[in-house]
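Residues per chain are reported as follows:
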Amino acid sequence: MASSTKPRVLTGDTPTGRLHLGHWVGSVERRVQMQGDYDCYFLLANMHAFTTRADKPGDIRQDTIEIVKDWLAAGIDPNQATIVLQTEVPAIAELTWYFAMLLSFKDVMGNPTLIHELKTKGLEDKYSFGFPMYTVGQCADILAFRPTFVPVGEDQEPHIEMCRKTARKFNQLFCGVSDRTPDDQYATAGGVFPIPKALIGRIARLPGVGDGAQKMSKSLGNAIFLSDPPKEVQKKLNKITTGRQSPTEPGDPTNILFKFVEAFITDPARVAELKDRYARGDNLGDGHVKQELAEAVNKLLEPMRQRRAEFEKPGGDDTIVDIIRAGTRRANLVAEETLYMAKAAMKIDFGRRVLG
Ligand code: TRP
């Protein structure tokens, strides 16, 4: 059970499909490492899934369950970390409204990650009013738990920056904290919200298989999923293109193939040796490197496949729903406390509900 004396951590995923290696190196790996030492909250951002897929509620529900299977398969332990379902935490929705009034329209629409998504998802002139709102919602996801750290992939940094801005603004406006207060002193200076820090993953941005121009992403069809079988992993790694012609041609040890080598071959001496031989064109073909990579990736994924198989048996989905419910109940204790601290600071503490 999570202990309240440990510093808190919050992060989450939007249920859009299965998790892939980019999620692993960007954030999930960090979560597994941190869950023993921090009071961790891992959020299922299922409300955000409706910003682009409101026509597919059934898919969103199933994706929500699948993502928890991926988390547990990856090594997240629901007895150590708290799994939270966004749509059953009313404090998040309420805080979203209050925070929306602290940020300028320009701040929200200028968020580089939002701008990038509007472009790449083909949403440019047809997105819903709720789509840009998710960025404000994400500030509430985070601040509802008053965490110290938010482990995320590099693409989420603008969101964390917006969240930090929101926290500073709230504390200045409603808690009388001076705008000259250093970020790490907002809480001790009387603010409701500590200013959380992003923790960027070991590999900030894993490219997708192919020419490596795009980051790994399910929607771009260039992803290796944590639940892919071994042959599929090898087949997908074989799709990496470097433009190199022969094993004796001096290669570039910073190319896309070596981004994968650095991410997944765990022995630093072996990585150094491969780089050296590749750079010299010392009879080291791309095919050979890919084979060694596939072995390393499959070694990482094998225990995940085994753990996942447990939840794929009949009744597995029900077990997952029970885990989600139990975690969300714990999460509401924290989020409700935050909400009423915020309401008191805003002088709207006219009475307090109790969630059943
Ligand atoms: N926007 C994040 C993503 O697409 C998911 C997310 C929602 C999140 N709420 C969050 C991440 C809060 C960190 C903290 O990956």
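Residues numbered from 1 in each chain as written. Predicted model: local features only at pLDDT ≥ 70, side-chain atom pairs only at ≥ 80, totals over all residues. Heavy atoms only, no water.

Splitting the chain by domain gives domain 1 (8–205 + 315–345) and domain 2 (230–311). Between domain 1 and domain 2, the contact holds 17 residues from the first and ten residues from the second. Where domain 1 abuts domain 2, roughly 1,100 Å² becomes buried across the two surfaces, and 68% of that area is made up of carbon and sulfur atoms. Area buried by domain 1 at its contact with domain 2 is led by Leu21, Lys69 and Ala73, which between them contribute 41% of it. Where domain 1 meets domain 2, there are two salt bridges. Glu66 is paired through a salt bridge with Arg308; the nearest N and O atoms lie 3.1 Å apart. At the junction of domain 1 with domain 2, the criterion picks out four residue pairs in polar contact (both at pLDDT 80 or more). Only helix H1 (21–34), helix H3 (57–74) and helix H13 (316–345) provide two or more residues apiece to the side of domain 1 that touches domain 2. (Domains from an automatic or database assignment. Contact = heavy atoms within 4.5 Å. Buried area = accessible area lost by both parts, 1.4 Å probe. Salt bridge = Lys/Arg side-chain N within 4 Å of Asp/Glu carboxyl O. Polar contact = N/O pair within 3.5 Å; in protein donor to acceptor, adjacent residues only side chain to side chain. Helix = DSSP H or I, 4+ residues; strand = E, 2+ residues; numbered from the N terminus.)

As for its position among the elements, Thr242 is in the loop between helix H9 (230–237) and helix H10 (256–264). Residues Thr242 and Pro303, spaced 61 residues apart in sequence, show a C-alpha to C-alpha distance of 30 Å. Once residues within four sequence positions are removed from consideration, Thr242 is found in contact with Asn255, Leu257, Tyr278 and Asp286. For Thr242, the side chain forms a polar contact with the main-chain nitrogen of Arg244, separated by 3.1 Å.

On to the state of the cysteines. Under the definition given, this model contains zero disulfides. Cys139 provides the cysteine sulfur closest to Cys163, a residue in no disulfide bond, and the two sulfurs are 5.0 Å apart. Residue Cys163 is classed as buried on the basis of its relative accessible area of 0%. Cysteine Cys175 remains unbridged, with the sulfur of Cys163 as its closest cysteine sulfur at 15 Å. (Disulfide = S-S within 2.5 Å. Buried < 20%, exposed > 50% of the residue type's maximum accessible area, 1.4 Å probe, protein only.)

A word on the site of the ligand. Residues in contact with the ligand amount to 13 residues; listed here are only the nearest, Gly12, Thr14, Gln138, Asp141 and Gln156. In this structure, a nitrogen atom belonging to the ligand sits 2.7 Å away from a side-chain N or O atom of Asp141. The contact in question runs from a nitrogen atom of the ligand to an N or O atom on the side chain of Gln156, over 3.1 Å. Where the shell around the ligand is concerned, the elements lending two or more residues are strand E1 (8–13), helix H7 (130–143) and strand E4 (149–152). (Near = heavy atom within 4 Å.)

In this structure, Leu21, Leu206, Leu237, Phe260 and Phe264 are the most contacted members of the largest nonpolar core, which totals 57 residues. When we break this core down by domain, the ones giving at least three residues each are domain 1 (8–205 + 315–345) and domain 2 (230–311). Non-local contacts of Leu21, meaning those with residues more than four positions away in its chain, are made with Leu206, Met216, Ile224, Leu226, Phe264, Val297, Leu300 and Leu301. Listed in part, the 45 residues of the second largest apolar core include Ala91, Val334, Leu339 and Met346. (Core = buried A, V, L, I, M, F, W, Y, C linked by side-chain atoms within 4.5 Å.)

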